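The residues making up each chain are set out below.
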Amino acid sequence: MPGFNHTTENMKTKTLLGFFLLSVMAFCVSACQDDAEIILFSGSELVDETGTCTNTVSSTVLYLNGWEAENIGIANGKGGYSAQSSDETIVTATVIDNRLWLSSHGKKGKVTVTVTDKDGNYVTLPVTVSYGVLTFMCVDQPEFQVSRPSEDMLSLDSESELQEKVNVAMAPYSFINKGDICILRPDDVYHLSEEGTGGKFIYKTEDEQILVEGTYQIEWASLGGKQKKAFVFTYIDKNNVEQQHTFFNFSPYLGTQSSTRERGPITTAWLEEVSDSPYLEGVLPADRTVVYWVDTVISSLSAEDL
């Protein structure tokens, strides 16, 4: 992991924070059928290889926090295409120059768009309109690591006795558990990790019990004396007190991930410096730092549940 001497097996998982990116697949791709009358496809032209269309579209998603409109190519058929949406309050559909243009109207929902040619042949396209979200799952129990500042930002401390004291002292702080889920809804799926951007988050258990809801913002913060981008999560706790957690993202940093193509689940590490925790008073030497380690598995950008 950049800037930190820490092995993969030492990183445990976490999911209350996390964010940005990451990856998106607006179209569900399916193989072309030889007898298809009308074919819908992504990109500027149909890719047809030995009876298989590699860029055909069988369904699509419009994201209210990013992709609010889309245009899709139309091939085959007899020309003279027209399009009709099953609910124009959610999506309107028009055909211009053999392209299907879809526009959403700020309302979540599902519709079916029907494209028809002049001879009455038709094809249907399921369209979902929702917010794009990123889902993080904590795949192992997070842990605390005693460290000390160094030129590489932080270096793990090898004193097992001190580490054990810190583990005992910080036990009440362990609010993230294996299997917990964090769902991030960026304000803009095109800008997942830029300074000043942010969105909303929900933190819940694996069985869907909501634990925390709040907002997050990307800001510069100090870790081991080095300035790095961090995700700052803010929420109101059960005692009606505002709480804030600053998490740094590594291995890989979400900002390096493309939001324009499918990548599948990735594992990424998060850490929060907790050296100033009141639980550590009288326990932590002045030349030591304690960080809270969490590893998460992040799913691709997807549509928020309707």
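No experiment lies behind these values; they were computed from the predicted model shown.

1. Topic: the environment of Glu208
Structurally, the position occupied by Glu208 is in the loop between strand 17 (198-204) and strand 18 (210-223). Counting along the chain gives 27 residues from Glu208 to Ile181, while the straight-line C-alpha distance between them is 8.5 Å.

2. Comments concerning the packing of aromatic side chains
The tally for this structure, following the rule as stated, stands at twelve aromatic pairs. Measuring from ring centre to ring centre gives 5.0 Å for Phe201 and Phe233, while their planes differ by 85°; the resulting arrangement is edge-to-face. Here Phe233 lies in strand 19 (residues 226-236) and Phe201 lies in strand 17, a separation of 32 residues in the sequence. The same class applies to Phe201 and to Phe233, which are both buried. Aromatic side chains Tyr216 and Phe233 sit 5.9 Å apart centroid to centroid with 35° between the ring planes, which places their arrangement in the tilted category. Taken together, the residues span a long stretch of sequence, with Tyr216 in strand 18 and Phe233 in strand 19 at a distance of 17 residues. Comparing Tyr216 with Phe233 shows no difference in burial state: the two are buried. Three or more aromatic residues joined by ring pairs make a cluster, and in this case those are Phe144, Tyr173, Phe175 and Tyr292. Lying over the aromatic face of Tyr131, Arg185 brings its terminal NZ or CZ to 3.8 Å of the ring centre.

3. Structural notes on the sheet that holds strand 10 (residues 99-104)
If you walk across this open sheet you meet the four strands as 3-7-10-9, and the pairing is antiparallel. Unpaired on one side and paired on the other, strand 3 (38-41) and strand 9 (91-96) mark the two borders of the sheet. Taken over all neighbouring pairs, the strand axes of this sheet differ in orientation by 30° on average, direction set aside. By the bridge criterion, six bridges tie strand 9 to strand 10 in an arrangement that is antiparallel. Each residue of the ladder has a partner; that of Ala93, found in strand 10, is Leu102.

4. Considerations on the pattern of salt bridges
According to the stated counting rule, one finds five salt bridges in the structure shown. We note a salt bridge from Glu304 to Lys108, for which the minimum N-O separation is 3.0 Å. With a gap of 196 residues between them, Glu304 in the segment after strand 23 (302-303) and Lys108 in the loop between strand 10 and strand 11 (109-116) connect regions that are remote in the sequence. On the accessibility criterion, Glu304 (19% relative accessible area) is buried. Note on Lys108: relative accessible area 30%, which makes it partly exposed. Of the charged contacts, one joins Lys204 and Glu208 as a salt bridge, the two residues approaching to 2.5 Å between their closest N and O atoms. A relative accessible area of 49% places Glu208 in the partly exposed class. Salt bridges linked by common partners bring Lys108, Arg185 and Glu304 together as one network.

Procedures and definitions
- Position numbers for residues start from 1 in each chain and track the written sequence from start to end.
- The predicted nature of this model means local features are confined to residues of pLDDT at least 70 and side-chain atom pairs, given and counted, to a pLDDT of 80 or more, with totals for whole chains, interfaces and linings taken over all residues.
- Working from all heavy atoms in the structure, the side-chain values ignore hydrogens and water.
- Secondary structure follows DSSP: runs of H or I at least 4 residues long count as helices, runs of E at least 2 residues long count as strands, and numbering of each begins at the N terminus.
- Each aromatic pair joins two rings of Phe, Tyr and Trp (for Trp, the six-membered one) with centres within 6.5 Å, and gets the label stacked for planes under 30 degrees apart, edge-to-face for over 60, and tilted for any other angle.
- Think of it in three bands: with a 1.4 Å probe and only protein chains considered, a residue is buried below 20% of the maximum accessible area for its type, exposed above 50%, and partly exposed in between.
- Any Lys NZ or Arg CZ found within 6 Å of a ring centre and within 35 degrees of that ring's normal is scored as a charge over the ring.
- DSSP bridges decide pairing: two strands pair if at least two such bridges lie between them.
- Lines fitted to the C-alpha atoms define the axes, with helices restricted to the stretch that makes contact. Angles between their N-to-C directions range from 0 to 180 degrees.
- Salt bridges are defined as contacts in which a side-chain nitrogen from Lys or Arg sits within 4 Å of a carboxyl oxygen from Asp or Glu.

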